[in-house]
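Understanding the architecture of this molecule
What follows is each chain in one-letter form.
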Amino acid sequence: MQTGTSQRDDQRQAAQRRRKELLEAADRVVLRDGPEASMNAIAAEAGITKPILYRHFGDKGGLYRALAKRHTDALLASLRAALDAPAEDRRQRVEATLDTYLAAIEARPQVYRFLMHPADNGQQELAQGSDVGHHSAPLLRRLGEELATVIAERLELGPGGDETARVWGHGIVGMMHAAGDWWLRDRPCARGQLVRHLTDLLWGRLSLVDDRAGAPGF
């Protein structure tokens, strides 16, 4: 016979599984429809009604934020893997990290447009009632803070190093986002060429500082 605690655990696990299934259904719709993805389409894909969808995510903004976290988590994991991968030198590692970001938005442009430009095609249903008026800011802030942590842990920046690391982290993410957004829309050059141009832009100070003693290379 189950205790009250074990029953609650089972219910919580079942709710988590159901939430994951609903996010996967939402992903399929976003991959198909991009910024035009609607709550009606997501509910239909999941085989449920909109009220049930709301019950799992609180509101439209809650679903948007859950999808944003899901994809930001995956992107961060890929970026960390690129930073940790063996490389001949620091420049190669920087190029690999920039390429990882650009490859991710190139591979799933509809997901990127949904997260960064949710109202591009006049579809604002998911943006209503949430903080998506500044839709890209929370995602970019999180990426900037994560990169700042890596920089502070791996590079010897001297006095004021933590401040420098945060400036660099957010600055690099801002550059990646702005350049990547423009590149994805206009395709002015090959991805590899863009990576080289951006690395050239970053390379000045990065080429001069030393790795921290005992830390993985940056």
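Residues numbered from 1 in each chain as written. Predicted model: local features only at pLDDT ≥ 70, side-chain atom pairs only at ≥ 80, totals over all residues. Heavy atoms only, no water.

What the protein chain contains, in helices and strands, is 9 helices and 2 strands. Helices and strands appear in the protein chain in the N-to-C order α-α-α-α-α-α-α-β-α-α-β. If one aligns the C-alpha atoms of the protein chain with their principal axes, the spans along those axes are about 60 × 50 × 30 Å. By the burial criterion, 41% of the 218 residues in the protein chain qualify as buried. When contacts within the protein chain are restricted to residue pairs at least 6 apart in sequence, long-range pairs at least 24 apart make up 70% of them. Summed over all atoms, the accessible surface of the protein chain reaches about 11,500 Å², with 51% contributed by carbon and sulfur. (Helix = DSSP H or I, 4+ residues; strand = E, 2+ residues; numbered from the N terminus. Buried < 20%, exposed > 50% of the residue type's maximum accessible area, 1.4 Å probe, protein only. Contact = heavy atoms within 4.5 Å. Areas by Shrake-Rupley, 256 points an atom, 1.4 Å probe, with all protein chains shown as cover.)

Applying the stated criterion to the full structure yields 18 salt bridges. The shortest N-O distance in the salt bridge between Asp 33 and Arg 32 comes to 3.0 Å. With a shortest N-O distance of 2.7 Å, Asp 200 and Arg 91 are connected by a salt bridge. Note that Asp 200 is positioned in helix 9 (residues 191-206) and Arg 91 in helix 5 (residues 90-107), a separation of 109 residues in sequence. With a relative accessible area of 46%, Asp 200 lands in the partly exposed category. Of the residues examined, Arg 91 reaches a relative accessible area of 22% and is grouped as partly exposed. Overlapping salt bridges bring together Arg 28, Arg 32, Asp 33 and Glu 45 as one network. (Salt bridge = Lys/Arg side-chain N within 4 Å of Asp/Glu carboxyl O.)

With that out of the way, let us pick up helix 9. Between its first and last C-alpha, helix 9 extends 22 Å over 16 residues, near the 22 Å set by a 1.5 Å rise per residue. At Asp 200, helix 9 shows its largest bend, some 35 degrees. Residues Leu 194, Val 195, Leu 198, Thr 199, Leu 202 and Leu 206 constitute the buried set of helix 9. Against the buried residues of helix 9 lie helix 5, strand 1 (155-156) and helix 8 (161-186). (Expected span 1.5 Å × (residues − 1). Bend = angle between axes of the 7 residues up to and from the residue.)

Enumeration over the complete set of coordinates arrives at 1 aromatic pair. Residues Tyr 64 and Phe 114 carry aromatic rings whose centres are separated by 5.9 Å and whose planes lie at 40 degrees to one another, so their mutual orientation is tilted. Of this pair, Tyr 64 sits in helix 4 (residues 60-84) while Phe 114 sits in helix 6 (residues 109-116), placing them 50 residues apart in sequence. Phe 114 shares its class with Tyr 64; the two are buried. In this structure, Arg 91 packs its charged tip against the face of Trp 203, placed 5.8 Å from the ring centre. Geometry around Trp 183 places Arg 187 over its ring, the cationic atom sitting 4.6 Å from the centre. (Phe/Tyr/Trp six-rings, centres within 6.5 Å; stacked < 30°, edge-to-face > 60°. Lys NZ or Arg CZ within 6 Å of the ring centre and 35° of its normal.)

Quick look at the environment of Arg 91 now. Taking the C-alpha atoms as reference points, Arg 91 and Glu 163, separated by 72 residues in sequence, lie 23 Å from one another. Arg 91 has contacts with Arg 196, Thr 199, Asp 200 and Trp 203, leaving out every residue within four places of it along the chain.

With that settled, consider the packing of helix 7 (residues 137-154) against helix 8. Packed helix pairs are characterised by how far apart their axes lie and by the angle those axes make with each other. It is at 7 Å that the axes of helix 7 and helix 8 come closest, and there the two elements cross at 135 degrees. Overall, the two elements helix 7 and helix 8 adopt an arrangement that is oblique. The two elements helix 7 and helix 8 cross, and the hand of that crossing is right-handed. Contacts from Leu 140, Arg 141, Leu 143, Gly 144, Glu 145, Leu 147, Ala 148, Ile 151 and Ala 152 in helix 7 reach Asp 162, Ala 165, Arg 166, Trp 168, Gly 169, His 170, Ile 172, Val 173 and His 177 in helix 8. Broken down by class, the residue content of the contact of helix 7 with helix 8 amounts to 10 nonpolar, 4 polar and 4 charged. (Axes fitted to C-alpha atoms, helices over the stretch in contact; angles between N-to-C directions. Parallel < 35°, antiparallel > 145°, perpendicular 65-115°, else oblique. Left-handed = near helix turned anticlockwise from the far one by under 90°. Nonpolar A, V, L, I, M, F, W, Y, C, P; charged D, E, K, R; others polar.)

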